[in-house]
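The chain contents come next:
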Amino acid sequence: MGHHPPVDDWTSDFDHTDDVWAADPYPIWEELRTKCPVAHTERYGGAWLPTRYEDVAAIAYDTDRFTSRSVIVSEFRPPMDFAPAGIAPPISSDPPFHQDARRMLLPIFSPQAVAKLEPSTRAYCEELIDGLRGHEIVDAAEGYAQHIPVRVIANMLGLPESDADVFRGFVNHVLEGVALPLEQRAEGMLSLFGYLQGQIQDHIDHPRDDLITFLLESELHGEKVDPFHVARTIGLLLIAGIDTTWSAIGASLWHLAKTPSDRERLLAEPELLPVAMEEMLRAYAPVTMARLVREDMEWNGCPMKAEEWVLLPFPSANRDPEAFEHADEVIIDRAENRHAAFGLGIHRCAGSHLARMELRVALEVWLDAFPVFELANPAAVRWSGGQVRGPRTLPVRVRR
Ligand code: HEM
């Protein structure tokens, strides 16, 4: 990150790519919630930051006044000519087009479809664990969490697993390279689409039983989907499915490594895992999305200008004491937990069943192999900043 000057005042000059935010954003949000619940910055051509659950939800539901034309804040605003699909449908599509673009994806991510992927996901997690055995200190992010979603999505889409490093590079560029100069950012996007177009052409020439072929054969408004739409949706699935799930797995392992009482409770009561997982998703929600303001307006007293960004920090909404009791505590058997980690409103995560399956299986396999583990060096843990936050370096000491 670090291409921007450091932040002095979070109320008037915030920057979500700042190293302080990456290391620990919770005190920033807490202060803003009481002092300045909707902050503003001139950076990125103007951006707003609501921090309360109520405001994040109101904006997420208000598709009339806030557009999803781009959901990643940068200096660049995508041109209007991509409408109505936008650059990565359905996340970049507004109603009414959004509903049809989203509907196309739903069968692929249904609970039944996801259940079929569980055995191969488990086998892959076990294979990764085998590679870690015999070491006293392992990196739970680099050596484990990051590989799981890449393999799952590559298999679903029908992309070669051997290209895993290529996808991770693309995703990293899109999500973490937001402060790069425009030309460098555009180059990265072009190479992603160049790669995807090659894969799509190969699937047009040689159809097979995978998601790319399924999308190419799908219909939208009575016609075969345009291959360019398919390329943009696949780009979205790579971006939406990899860093997010990697971050959720890593953050959960980080929590369990530093909280022996929760780890021991999960070993004693494994049936609690699905409930505990939701709490870790709430407390360490990885994803902040964004909208663009459609027209100049006054929103809750804020003078918003057309084409300004609005960040939607779902992780801050999840820590709002007005919405959750003891919001800053991780209570692994929290009974009521209507968290916003998967978003709110029409764009709510289409891959949430898949994400939950990957997270549960990853944690089950890890706890089975390494019931006792702790942070090897808390100071060495490194978190990604920007809109998808999770541990990228996570050294843990494991014992059998
Ligand atoms: C723990 C992991 C994940 C988290 C926390 C997460 C979070 C989110 C959030 C917050 C949104 C809302 C975006 C918005 O309002 O603009 C979203 C949308 C989306 N996610 Fe996820 N996601 C995760 C995993 C996945 C996976 C594994 C996939 C599929 C491979 C996926 C596919 C999508 C898609 C397609 C959308 C757009 C839905 C629409 O616009 O209708 N996500 N996700």
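Everything discussed here concerns the structure shown above.
Since we're looking at a predicted model, the values are computed, not measured.

A.B. asks: Report on the overall build of the protein, specifying residues and quantitative values.
C.D. replies: When you go through the protein residue by residue, the secondary structure sums to 17 helices and 14 strands. Since a compact globule built from 400 residues should have a radius of gyration of about 21 Å, the 21 Å found for the protein is in line with a globular shape. Within the span of the protein, comprising 400 residues, buried residues form 45% of the whole. Intrachain contacts of the protein at a sequence separation of at least 6 include 69% that bridge at least 24 residues.

A.B. asks: Now, about the pairing of strand β2 (residues 47–50): what can you tell me, with residues and values included?
C.D. replies: Burial along β2 is two-sided: the face carrying A47 and L49 and the face carrying W48 and P50 are both buried. With four bridges connecting them, strand β1 (residues 38–41) and β2 associate as antiparallel partners. From the neighbouring strand, H40 faces β2, where its bridge partner is W48. Taking the residues that link successive antiparallel strands as the turn, the β1-β2 hairpin has five residues, and the phi of Y44 there is positive, at about 60°. Across two bridges, the pairing between β2 and strand β10 (residues 309–313) is parallel. Bridge pairing links A47 to W309 in β10.

A.B. asks: Give a description of the site of the ligand that names residues and reports values.
C.D. replies: Taken together, 28 residues lie near the ligand, and G241, G343, C349, G351 and A355 sit nearest. Going through the elements one at a time, α12 (227–241), α13 (243–258) and α17 (352–369) are the ones with two or more residues in the shell around the ligand. It is α12 that contributes the most residues to the shell around the ligand, four residues altogether. By residue class, the composition of the shell around the ligand is 20 nonpolar, seven polar and one charged.

A.B. asks: Hey, could you go over α17 for me, with residue numbers and the actual values?
C.D. replies: Here α17 contains 18 residues, and its C-alpha end-to-end distance of 26 Å stays within 8% of the 26 Å for a straight helix at 1.5 Å per residue. Buried residues belonging to α17 abut α5 (111–116), α6 (118–132), α7 (141–145), α8 (147–157), α13 and α15 (273–283).

A.B. asks: Tell me about α12, and name the residues and values.
C.D. replies: Here α12 is 15 residues long and its end C-alpha atoms lie 21 Å apart, about the 21 Å a rise of 1.5 Å per residue gives. Of all 15 residues that make up α12, 12 are buried, and the element is covered over most of its length. Contacts from the buried residues of α12 go to α8, α9 (164–176), α10 (182–205), α11 (211–217) and α13.

A.B. asks: Any chance you could break down the environment of A248 for me, citing the residues and the numbers?
C.D. replies: The residue A248 is located in helix α13 in this model. Taking C-alpha positions, A248 is 6.7 Å from L281, a pair spaced 33 residues apart along the chain. Excluding residues within four positions of it along the chain, A248 makes contact with L281, P286, A355, L359 and G390.

Thresholds, definitions, all that
Residues numbered from 1 in each chain as written. Predicted model: local features only at pLDDT ≥ 70, side-chain atom pairs only at ≥ 80, totals over all residues. Helix = DSSP H or I, 4+ residues; strand = E, 2+ residues; numbered from the N terminus. Rg over C-alpha atoms; globule rule 2.2 N^0.38 Å. Buried ≥ 20, exposed ≤ 12 C-beta atoms within 10 Å, placed from the backbone. Contact = placed C-beta atoms within 7 Å. Pairing = 2+ DSSP bridges. Near = placed C-beta within 6 Å. Nonpolar A, V, L, I, M, F, W, Y, C, P; charged D, E, K, R; others polar. Expected span 1.5 Å × (residues − 1).

Read these as geometric descriptors, not functional statements.
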